[in-house]
Amino acid sequence: MAPTYNIAMVSDFFFPQPGGVESHIYQLSSKLMDRGHKVIIITHAYDGRTGVRYLTNGLKVYHVPFLVIYRSTTFPTVFSFFPMFRNIVLRERIDIVHGHASLSNLCHEAILHARTMGLRTVFTDHSLFGFADAASILTNKLLKFSLSDVDHVICVSHTCKENTVLRASLDPLMVSVIPNAVVAENFKPYRNPGEIPKETFGQDPCPARPLGPHDTITIVVISRLFYNKGTDLLTAAIPRILENHPNTRFIIAGSGPKAIDLEQMIEQNVLQDRVEMLGPIRHEEVRDVMVRGHIYLHPSLTEAFGTVIVEAASCGLYVVCTQVGGIPEVLPSHMTVFAKPEEDDLVVATGKAIAALRANKVRTELFHEQVKSMYSWTNVAIRTERVYNGISGAISEAEFYGYDASDPATWSATRGRSGVQSFALIDRLKRYYGCGIWAGKLFCMCVIVDYLIFLVLELWFPRDKIDICPDWPRKTVDERREPGVR
Amino acid sequence: MAVIGWAKSGLIANNLDHRRQNAHHPPHLYIRRPSPTTAEYTVTTRPPPSLTLRLALVSLTTLRLVLFLVALLLLTTHLSLLPRPVTQHPYLHPLLASPPYQALVRLTGPPLPAWAFAAAACAVLYVCFAWQLHTTERLLVLRGLGIQTSTTGEGVWGSWRPATRFIPTEKIRDVLINEAFRGFEVRYYLVVLVEGEEEVVVVFPRLLPRRRIVEAVWRGVRGCLYEQGGEGRGEKG
């Protein structure tokens, strides 16, 4: 019988807000619950959503009331979350705290407090950051602080791992790569000819049939229209692509501050009949928009993983994307055309994709099955579970970190001799002290204050005064998957 | 003074009790079932009865009575309210003439303005009369009729307005246990959903007893309200 854990996923980003991190947390949590673990989610309060909620699969969500400052991240008050966090952790009997997203202040605080309380912590990084500008330097310092004392880090791609290891000065051995996945059933390609309303332009014929030389090719872009998503690149490239390829249309879905630039571009070039702006769409509508197109264009400037291109490929779209971040790792080369993140190359790459489709060289109808076999959330959950086993000592350090790593000669100083990080305050302080000349001392102060607050809380709100939550009956995993056993 | 006496007695009662560790009493649940279709759930901070507690209560009541009478007497003396035949009464005269009482009269006399003394005396009178030692909240369930919640608070103002609310059965949509953030913690509480009202009615809103009590009450209420034959009967006591 494999050990099961009580896991708290902590992040600023969760539903009702749409996004990649949000659905990652949700999917991972539900699959972990299917494997017999207990999972709760701690996030901040959204409009009209404060307090304790249950999702339909029994997933419990704590919407903690907090001040939101920018793009739904909470105000960084290092200690204010502690009393509430401790209460939740104790009443739910949490063993492992799993934080998500490096911009989420709630997650960093939770990792710090969890270590003070003697819990195992895991951090999943979903994004890439630069090293040069002021905001990045600040975020990186914060990341270094909170990751100085974390048991394990998960990154969504190898590029992301490299980035995180450099930003937070981590031992690469304690960083695992577990990619995102997609629910392939939700992203089936277009099969039924009556499915798309005739009045809007969309793909006709469907991609299973060969494409004639004068058939219209539809290019889909679904993205939040922010600078980092490459909307400026898109604004510049669209008129040129449409000029070069007469039978081409664009469908753009999503909203954001750059939407106005796109609209201006459409008006200036009089492209109203060739570019359709759908505005914001819900995640469950993404598939219906995608299947209207032949090509998915992804102009992002930075991307750790890019779930959306997997979704597009699963819908049977040929993917044109910029070769940045973790994107080259995501899909096999026969599904994608890569471009450098610049206007000219993007136009050329889109031209190549259109030509390849017109020549019927791409077997897009096979993409769905291929993606389905590559990405599944169950697999992500199994790999995440292995990380939990590794940090809690359920599997040996040699098995978890690799046999050569468990050799004492190459053993990292940050990890204890037991293969898992020591909770002793002095050991924790040693880890924080190495963060920088001034920062190290500041961080040590923070950790000491945090520990003192912990002691005060133990006196003020004693543990036996906190009610324990009853658990749902846990699911049991059937490893052999025998049909008819249950 | 009354407060100190009460706290001390509470501490002693607790130590004898061996079930509670600190001076502030966690709420207790008492269930009364006068008939199979009626149940009364009382949640109170009053500790379970014991000899020490009774002694403490008796001495506290005596103390309150004495304090009350002394304040009353001082007030009447200063304001010269009592007619001469009364002050010269053979039972009262020795007390009024006794040195401790005279000292008290001098202490509360002229340097202190008369109005200040009068106000203080009135306050003492009121506190002695109206001080509530415990918070008590009740939930009365009557099958076929409805449920009634009532709250009596602790302290000086507690007895002013015992908040009582009756909800008829046909207005009750559901009775359930919910969780919510309160201060720095997440608490369980019992709520009644009332037909046609936006706000839920929280049962035991002041004490917010712990999950064990809330669950017992919830089972009992549902048993008494909806189930035939009074299935909650086994949980008596």
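Residues numbered from 1 in each chain as written. Chains lettered and ligands numbered in written order. Predicted model: local features only at pLDDT ≥ 70, side-chain atom pairs only at ≥ 80, totals over all residues. Heavy atoms only, no water.

Undergrad: Where do I start with the overall build of chain A in this structure?
TA: Within chain A one finds 16 helices and 16 strands. In chain A, which comprises 486 residues, the proportion classed as buried is 55%. Of the roughly 21200 Å² of accessible surface on chain A, 58% is carried by carbon and sulfur atoms. (Helix = DSSP H or I, 4+ residues; strand = E, 2+ residues; numbered from the N terminus. Buried < 20%, exposed > 50% of the residue type's maximum accessible area, 1.4 Å probe, protein only. Areas by Shrake-Rupley, 256 points an atom, 1.4 Å probe, with all protein chains shown as cover.)

Undergrad: Looking at this model, I keep getting lost on the sheet that holds strand β3 (residues 51-54) of chain A. Mind explaining?
TA: Within a sheet, neighbouring strands are paired by backbone hydrogen bonds and run either parallel or antiparallel to one another. Residues and elements named next belong to chain A. Read across the open sheet, the eight strands follow the order β3-β4-β2-β1-β7-β8-β9-β10; overall the sheet is mixed. The open sheet has two edge strands with one neighbour each: β3 and β10 (175-177). Direction aside, neighbouring strands of the sheet carry axes that sit 20° apart on average. In this sheet, strand β2 (residues 38-44) lies alongside strand β1 (residues 6-10) in parallel orientation, the contact comprising five bridges. Of the residues in β2, the one forming a bridge with Ile-7 is Val-39. The strands touched by helix α3 (residues 105-116) within the sheet are β1, β2, β7 (96-100) and β8 (120-125), with β8 carrying the most contacts at an inclination of about 160°. (Pairing = 2+ DSSP bridges. Axes fitted to C-alpha atoms, helices over the stretch in contact; angles between N-to-C directions. Contact = heavy atoms within 4.5 Å.)

Undergrad: So what exactly am I meant to see when it comes to the UniProt feature "transmembrane region" (unreviewed entry) in chain B here?
TA: What UniProt calls "transmembrane region" (unreviewed entry) maps, in this numbering, to residues 55-75 and 114-133 of chain B. Taken end to end, residues 55-75 of chain B is 100% helix and 0% strand, and its first and last C-alpha atoms sit 30 Å apart. (UniProt positions renumbered as here; feature names shortened; annotations may be inferred.)

Undergrad: Whenever I open this one, the confidence of the model for chain B confuses me. Can you help?
TA: Reading fine detail from the predicted coordinates is not recommended where pLDDT is low. Residues and elements named next belong to chain B. For chain B, per-residue confidence averages 76 on the pLDDT scale, and residues scoring 70 or more make up 81% of the total. Least confident of the elements in chain B is helix α1 (residues 2-17), whose mean pLDDT is 36; most confident is strand β7 (residues 185-194), at 91. Taken together, the stretch residues 1-23 has pLDDT below 50 and engages in 21 contacts with residues farther than four places along the chain or on a different chain. With pLDDT under 50 throughout, residues 229-237 is counted as low confidence; its partners more than four residues away or in other chains account for 13 contacts. (pLDDT = per-residue confidence, 0-100.)

Undergrad: What is the right way to read the sheet that holds strand β1 (residues 28-35) of chain B from this model?
TA: All names here are of chain B. Taken in spatial order, the five strands of this open sheet run β1-β2-β3-β4-β5, and their pairing is antiparallel. Looking at the sheet topology across the chains shown, the edges are occupied by β1 and β5 (163-168). Within this sheet the neighbouring strands show an average axis-to-axis angle of 10°, counted without direction. As defined by bridge partners, strand β3 (residues 136-142) adjoins strand β4 (residues 146-152) across seven bridges and the pair is classed as antiparallel.

Undergrad: Would you mind showing me how to read helix α16 (residues 437-460) of chain A here?
TA: One full turn of an α-helix is made of 3.6 residues, so residues set three or four places apart face in the same direction. When the terminal C-alpha atoms of α16(A) are compared, their 35 Å separation across 24 residues agrees well with the 34 Å that a helix rising 1.5 Å per residue should span. Listed as buried for α16(A) are Ala439(A), Gly440(A), Phe443(A), Cys444(A), Cys446(A), Val447(A), Asp450(A), Phe454(A) and Leu457(A). (Expected span 1.5 Å × (residues − 1).)

Undergrad: Explanation requested: the UniProt feature "domain: Glycosyl transferase family" (unreviewed entry) in chain A in the structure shown.
TA: Sequence positions flagged by UniProt for "domain: Glycosyl transferase family" (unreviewed entry) are, in local numbering, residues 213-346 of chain A. The span residues 213-346 of chain A carries 34% helix and 22% strand; its end-to-end C-alpha distance comes to 22 Å.

Undergrad: Would you mind going over the interface of chain A and chain B with me for this structure?
TA: Interface extent is often summarised as the accessible area lost during association of the parts. On the side of chain B, eleven residues touch chain A, which itself brings 21 residues to the contact. Summed over both partners, the interface of chain A with chain B comes to about 1500 Å²; 52% of that surface belongs to carbon and sulfur atoms. Ranking the residues of chain A by area buried against chain B places Met84(A), Lys465(A) and Asp467(A) at the top, with a combined share of 32%. Between the two partners, chain A and chain B, sit three salt bridges. Between Arg91(A) and Glu179(B) there is a salt bridge; the shortest N-O distance is 2.7 Å. There are nine residue pairs in polar contact (both at pLDDT 80 or more) connecting chain A and chain B. (Buried area = accessible area lost by both parts, 1.4 Å probe. Salt bridge = Lys/Arg side-chain N within 4 Å of Asp/Glu carboxyl O. Polar contact = N/O pair within 3.5 Å; in protein donor to acceptor, adjacent residues only side chain to side chain.)

Undergrad: Quick question: what am I supposed to make of the packing of α3(A) against helix α15 (residues 425-433) of chain A here?
TA: Angle between the axes and distance between the axes: these two values describe a pair of packed helices. Residues and elements named next belong to chain A. Where α3 contacts α15, the two axes come as close as 11 Å, and the packing angle between them is 145°. Each of Leu-112, Arg-115 and Thr-116 in α3 lies in contact with α15, whose residues at this interface are Arg-428, Arg-431 and Tyr-432. A class-by-class count of the residues in the contact of α3 with α15 yields two nonpolar, one polar and three charged. (Nonpolar A, V, L, I, M, F, W, Y, C, P; charged D, E, K, R; others polar.)

Undergrad: Hey, could you run me through the nonpolar core in this one?
TA: Nonpolar side chains in soluble globular proteins tend to end up buried together. Residue and element names in this part refer to chain A. In this structure, Ile-238, Met-290 and Tyr-296 are the most contacted members of the largest nonpolar core, which totals 109 residues. At seven residues, helix α11 (residues 343-358) tops the list of elements feeding residues into this core. Not counting residues up to four positions away in its chain, the partners in contact with Ile-238 are Phe-250, Ile-252, Leu-262, Met-265, Leu-271 and Val-275. (Core = buried A, V, L, I, M, F, W, Y, C linked by side-chain atoms within 4.5 Å.)

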